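As a plain string of letters, each chain reads:
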Amino acid sequence: MARHDAPPDAARARKKRRRRRFLFRLLLLTVFAAAIVFAVNNSDALSPSNWVPRIGAFFSGGGAGFPVDVSGNQIYRMEETNSGTVLLSDTYVTMIGSDGDEVMRRAHAFSDPQLRTAGKYILVAEKGGKRLQLETRAKTVQTVQTDYDILTTALHKSGSMAVVTGAQQGYNAAVSVYSASGKLIYHRLCSSLVADAAFSPDGKQLALVTIGAENGAMRSGVEIVAVNSTQSETLYAHSETGVLLCRVAYLSDGTVAALGDTAVWMYRPKKDTCAIYPLTDGSLIGYAIGDSSVMTVVKPYGANAGGSIAYIRPDGTAAFTATVEGTFRDIAVSGNSYALLTDSYLYNIGSKGIAGSRVMVADGRLTATDGSKMLVLGLKALSKYTAPSRLNESD
């Protein structure tokens, strides 16, 4: 019986169908492999603690919006990041998006948690403990276990972490710097107490507040070290007696701002000059450090409420001073725009003075700002306001 071959057109059609099926299967296999790699690399981001709040926000039309109910939570701190507002409670680190929806929630078991934020990163440490964890909105980036109790921490926008701890016998403190990947890149033992630390804007140097004694008098100082060096020598240093420094930060021009109980230092390491703004008219009850300024809140001696504010420039002089009404609650900064909260008012303060104020109810505890919007955390709700542009604004 004669064999009849398929027409050339039919053979070509079958060949094309087989090629399409092969390419389709190859595409499915590639997508499946990519999904596995994504899930492995983003296991924290895909955990129920992250996607359940997002699903709830989606089906409720993008989140409950402001005001956000916070009743039943003991919230210690509130800070802004590039991704949202971070609330640190006794059991969780939570992020609230710009529309008031909860976009992140991570549990922690720290008895005395400390919060630091920089860029997209969030650092939570157990003060007096030995654990810290680095977070972003997407995932837990790193966890670190220290050998000695944590005294304080610092965070850079690259994710680098500085940890000040106790130390072995013969030393009062140890300073360790870790990269975002958890690699130890710097370590130093200190004979003085170290009260605070701060990264330079480029992350290559670290400023330390040191406390010691000299001839029976307390001496506080600022020391600058290079964190990318195997050498532990101090690059620059300045110290004086009669002041107890507690906080340090770099301004955008490289000036190191250090705050104490009786003065604000503006230290320029390369020029070895230190301009001092005295705080002599009362008790320092609040402060915030901006990009190129420091704002202090001082309560006059003997006063029950009210206070004076000073906007201090890098040269150590005050651009202005002013008075605020009510009992001080909190102060926050974005750039050089400050939000100051009392039990009576929410103040919007810039480089030229008080730009506006809003009449507030008395239960406000914490505040945060992005420069144009201001958040106020009350006993039961987190509320959002446009930065006031006139005095005594109200609903």
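Values in this document were obtained by computation on a predicted structure and should not be read as measured data.

Conventions and cut-offs
- Residues numbered from 1 in each chain as written.
- Predicted model: local features only at pLDDT ≥ 70, side-chain atom pairs only at ≥ 80, totals over all residues.
- Heavy atoms only, no water.
- Pairing = 2+ DSSP bridges.
- Helix = DSSP H or I, 4+ residues; strand = E, 2+ residues; numbered from the N terminus.
- Phe/Tyr/Trp six-rings, centres within 6.5 Å; stacked < 30°, edge-to-face > 60°.
- Buried < 20%, exposed > 50% of the residue type's maximum accessible area, 1.4 Å probe, protein only.
- Lys NZ or Arg CZ within 6 Å of the ring centre and 35° of its normal.
- Axes fitted to C-alpha atoms, helices over the stretch in contact; angles between N-to-C directions.

**Let's talk about the pairing of strand β29 (residues 353-359)**
Reasoning step 1: Two strands pair when backbone bridges link them, and strand β28 (residues 345-350) and β29 are joined in this way by six bridges, in the antiparallel orientation. Bridging across to β29, Y345 finds its partner in V359.
Reasoning step 2: Counting the residues in the hairpin turn of β28 and β29 gives two residues.

**Some remarks on the packing of aromatic side chains**
Reasoning step 1: With the rule as written, the count across this model stands at three aromatic pairs.
Reasoning step 2: A centroid spacing of 5.5 Å and a plane angle of 25° characterise the contact between Y311 and F320, whose relative ring orientation is stacked.
Reasoning step 3: Relative accessible area serves as the criterion here: at 12%, F320 is assigned to the buried category.
Reasoning step 4: On the basis of an interplanar angle of 80° and a centroid distance of 6.0 Å, the ring pair of Y311 and Y338 is categorised as edge-to-face. With Y311 in strand β24 (residues 307-312) and Y338 in strand β27 (residues 337-342), this residue pair connects regions lying 27 residues apart in the sequence.
Reasoning step 5: Y311 gets classed as buried once you look at its relative accessible area, which sits at 5%.
Reasoning step 6: Here the aromatic cluster, defined as three or more aromatic residues joined through ring pairs, consists of Y311, F320 and Y338.
Reasoning step 7: The lysine or arginine in question, R105, covers the ring of Y92, its NZ or CZ lying 4.6 Å from the ring centre.

**Points about the sheet that holds strand β1 (residues 68-69)**
Reasoning step 1: The four strands are arranged β1-β32-β31-β30 in an open sheet whose pairing can be described as antiparallel. The open sheet has two edge strands, β1 and β30 (366-369), and neither has a second partner.
Reasoning step 2: The sheet contact formed by β30 and strand β31 (residues 373-377) spans four bridges and is antiparallel. Note that in β31 the partner of T369 across the bridge is M374.

**Section: the sheet that holds strand β2 (residues 75-80)**
Reasoning step 1: What the four strands build is an open sheet, ordered β2-β3-β4-β5; its pairing is antiparallel. Each edge of the open sheet carries a strand with a single partner, namely β2 and β5 (102-107). Strand-to-strand, the axes of this sheet are offset by a mean angle of 15°, without reference to chain direction.

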